[in-house]
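Chain by chain, the residues run as shown.
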Amino acid sequence: MNILALIPHYNHPATVGTVARSLCACGLDVLVVDDCSRPDCIPVLENLASDGIRVIRRTSNGGKGAAVRTGFEAAAELGYSHVLQIDADGQHCLDDVPKFVRAAQLNPEALVCGQPQYGGDAPKSRLYGRKITDFWNMVHTWSSDIKDGMCGFRLYPLPPALAVIRGEYVGNRMDFDIEILIRLYWRGIKPVWIPTPVRYAADGISHFRALADNILISQMHTRLFFGMLKWRWRILKGIFR
């Protein structure tokens, strides 16, 4: 098992360095994929590169999913077998990284996912939105196997993740994390869940666009619903053949 820690980054100059260096301290190789951030982020990224941390700068802003795709392709070229994805904003508990690595070592073909444990600082609008997505994920999978579809703290087995993004449509923005999780599930890649606290700082920066991203997520759930019908039909055909 050869794990690359991947940080998709967009305009988080105050936190991305701490996240990247903490992952290095866990003994992981680190790649930051910058999604065409503001000019004031460039010195921070250059400092990380000078410390030996790989940095890729995208020339245009494509969204979180696009940055993760870039990171997956780079990880494959570099020979990694697994990718630990973690957000750049410092929300995730870096002390839990060893738990994700151990879970992946025990379940190398599984997708290890963070199951967020929220505190009183979590915005109510985010929690309600997640409950809606949780409902639709139950519909898409005919199960309660998906404990959370939106947490960006995950450890992917790289070959099946690449097969999904190369062979199927997966959204490029905030819809990415949900859609790739469901499509991997349909391919038999079952999730392993790690409870992990999520922190919302009072001065935290969110790139979630209330209208645009909710529209994208609604469109994604529509795609997945019809994809689920095809998935169930294939299963039924196999049973009665």
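Residues numbered from 1 in each chain as written. Predicted model: local features only at pLDDT ≥ 70, side-chain atom pairs only at ≥ 80, totals over all residues. Heavy atoms only, no water.

A. Broad picture of the overall build of the protein chain. Within the protein chain, the regular secondary structure consists of 8 helices and 7 strands. A buried classification covers 47% of the 241 residues belonging to the protein chain. Residue pairs at least 24 apart in sequence account for 79% of intrachain contacts in the protein chain once pairs closer than 6 positions are excluded. Accessible surface, the protein chain: about 11500 Å² in total, of which carbon and sulfur atoms supply 57%. (Helix = DSSP H or I, 4+ residues; strand = E, 2+ residues; numbered from the N terminus. Buried < 20%, exposed > 50% of the residue type's maximum accessible area, 1.4 Å probe, protein only. Contact = heavy atoms within 4.5 Å. Areas by Shrake-Rupley, 256 points an atom, 1.4 Å probe, with all protein chains shown as cover.)

B. Structural view of the nonpolar core. In this structure, Phe-72, Tyr-156, Phe-176 and Ile-180 are the most contacted members of the largest nonpolar core, which totals 37 residues. Those elements giving two or more residues to this core turn out to be β1 (3-9), β2 (29-34), α3 (64-78), β5 (111-118), α6 (158-167), α7 (176-186) and α8 (210-240). It is α7 that provides the largest number of residues to this core, a total of 8 residues. Setting aside residues up to four positions removed in sequence, Tyr-156 forms contacts with Phe-72, Ser-81, His-82, Val-83, Gln-85, Leu-111, Ala-161, Phe-176, Asp-177, Ile-180 and Leu-184. In terms of nonpolar packing, the next biggest core, distinct from the first, is built from 26 residues, Leu-48, Ile-86, Cys-151 and Phe-153 among them. (Core = buried A, V, L, I, M, F, W, Y, C linked by side-chain atoms within 4.5 Å.)

C. Structural view of the environment of Leu-224. With respect to the helices and strands, the residue Leu-224 is situated in helix α8. For the pair formed by Leu-224 and Glu-179, sequence separation is 45 residues and the distance between their alpha carbons is 7.5 Å. The residues touching Leu-224, leaving out its near neighbours within four places in the chain, are His-140, Glu-179, Ile-182, Arg-183 and Trp-186.

D. The sheet that holds strand β3 (residues 54-57), seen in detail. On the basis of which strands lie adjacent, the open sheet formed by 7 strands has the order β3-β2-β1-β4-β6-β5-β7 and mixed pairing. Two strands close off the open sheet at either side, each with one partner strand: β3 and β7 (191-198). The sheet shows a mean angle of 25 degrees between the axes of neighbouring strands, taken without regard to direction. Examined bridge by bridge, strand β4 (residues 82-85) and strand β6 (residues 154-157) share 4 bridges and lie antiparallel to one another. Residue Gln-85 lies in a different strand from β6, and its bridge partner there is Arg-154. Along the sheet, helix α4 (residues 97-106) contacts β1, β4, β5, β6 and β7; its crossing angle with β5, the most-contacted strand, is approximately 145 degrees. Its contacts with the sheet put α7 on β4, β5, β6 and β7, and the angle it makes with β6 is roughly 45 degrees. (Pairing = 2+ DSSP bridges. Axes fitted to C-alpha atoms, helices over the stretch in contact; angles between N-to-C directions.)

E. Region of interest: the pattern of salt bridges. This structure, assessed with the given rule, holds 13 salt bridges. The closest approach of N and O atoms between Arg-58 and Asp-35, which form a salt bridge, is 2.8 Å. Highlighted residues: Arg-58 in the loop between β3 and α3 and Asp-35 in the loop between β2 and α2 (42-50), separated in sequence by 23 residues. Across the pair Arg-187 and Glu-168 runs a salt bridge whose closest N-O atoms are separated by 2.8 Å. In this pair, Arg-187 sits in the loop between α7 and β7 while Glu-168 sits in the loop between α6 and α7, placing the two residues 19 residues apart along the sequence. Residue classification places Glu-168 among the partly exposed positions, given a relative accessible area of 25%. Within the structure, one salt-bridge network assembled from shared partners comprises Glu-168, Asp-175, Glu-179, Arg-183, Arg-187 and Arg-223. (Salt bridge = Lys/Arg side-chain N within 4 Å of Asp/Glu carboxyl O.)

F. Inspection of helix α1 (residues 16-25) at higher detail. Within the sequence span of α1, burial applies to Val-16, Gly-17, Val-19, Ala-20 and Leu-23. Considered in projection along α1, the buried side chains sweep an arc of 165 degrees and stay on one side of the axis. Within α1, the exposed residues directed more than 90 degrees away from the buried face are Thr-18 and Ala-25. Where the residues of α1 are buried, they touch β1, β2, α2, β4 and α4. Gly-27 lies just past α1 and shows a positive phi near 90 degrees. (Arc of directions from axis to C-beta.)

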